[in-house]
Structures are given as C-alpha cells and as structure tokens.
Amino acid sequence: MIVRALSEVAGIALPYDSLATVRTRLAQVSPTLTRYNSVEGANFFAQSELLAKTVGAQLSSKPITPSVLHLKDFYMTDSISRASRTMAKCVKAVQDMEKSTYKNQ
C-alpha cells in the first residue's frame, strides 16, 4: 500500500495495512471525508466568532497592506515559461522598458 510505504520512507511507520483501515481512520479523524454524495455547509462563522472572543485585539479600520505589493516575474515561476524563448523575449522587453527613460504615463 502506497500510504504505508511512504510513511516508512518518511521514517514514521503508520499502522495501516489495508485501504479499509485507512478509511476507518479517516472516518475517525474527519467524518466528512467519508460521507459520500452529501454536501455539508461550512460553518466558519461560528468558529471565527469563538476565536474572536478569545483574542483581546480590537478591529482596525485601516486597510491591511501586504509587505510585497508587486511580485516581480511571477509569470516565470513554472518550468514551461522559463524554457520558452517567447517568454524570455517578453521578460527582456519588460526589463528594457523598466530601464528606459521613456515610460508610459
């Protein structure tokens, strides 16, 4: 069984010898994983309200500003784009444009 083999490779052998024992454990951990053909509503509002009561912080009216507003070259994160001559030309064109004194307004 793949799950058992992976656990042994990871150094933490799991006690599951069959698919049935894995499914039994899944049902114990999260019954929604074994309730087939049914859709359960996500009630995160009750959980978030409970968590909000345990935290002593006050809500702020100021917007949240991420530390990184512009992710440079995000489109070059996959191997297909990095191997593409066309994408390499596009990246070069953007870099040249950024260095240029003639920028679009």
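Now for a description of the structure that goes with this document. What you see is a predicted model, and the numbers here were worked out from it, not measured in a lab.

Some thoughts on the pattern of salt bridges
If charged atoms from side chains of opposite charge come close, those side chains can pair. Here the structure, examined in full by the defined rule, presents four salt bridges. Ionic pairing is found between Asp17 and Arg4, a salt bridge with its closest N-O pair at 2.3 Å. Taken together, the residues Asp17 in the loop between α1 (2–9) and α2 (19–29) and Arg4 in helix α1 connect sequence positions 13 residues apart. Assessed through its relative accessible area of 61%, Asp17 is described here as exposed. Taking the shortest distance from any N to any O, the salt bridge between Lys53 and Glu49 comes out at 3.7 Å. Residue Lys53 and its partner Glu49 are both found in helix α3 (residues 44–54); the two are separated by four residues, about one turn of the helix. For Glu49, a relative accessible area of 46% gives the class partly exposed. Overlapping salt bridges bring together Arg4, Glu8 and Asp17 as one network.

Some points on unusual backbone geometry
Non-glycine residue Asn37 carries a positive phi angle of around 60°. Residue position: Asn37 is located in the loop between α2 and α3.

Structural notes on a nonpolar patch on the surface
Among the surface-exposed residues, Met1, Val3 and Leu19 lie close enough to one another that they form a single nonpolar patch of about 250 Å² accessible area. Looking at the element boundaries, Met1 is found in the segment before α1.

Cut-offs used in this document
- Residues numbered from 1 in each chain as written.
- Predicted model: local features only at pLDDT ≥ 70, side-chain atom pairs only at ≥ 80, totals over all residues.
- Heavy atoms only, no water.
- Salt bridge = Lys/Arg side-chain N within 4 Å of Asp/Glu carboxyl O.
- Helix = DSSP H or I, 4+ residues; strand = E, 2+ residues; numbered from the N terminus.
- Buried < 20%, exposed > 50% of the residue type's maximum accessible area, 1.4 Å probe, protein only.
- Patch = residues over 30% accessible without salt bridge, like charges linked within 9 Å, V, L, I, M, F, W, Y side chains within 5 Å.
- Areas by Shrake-Rupley, 256 points an atom, 1.4 Å probe, with all protein chains shown as cover.

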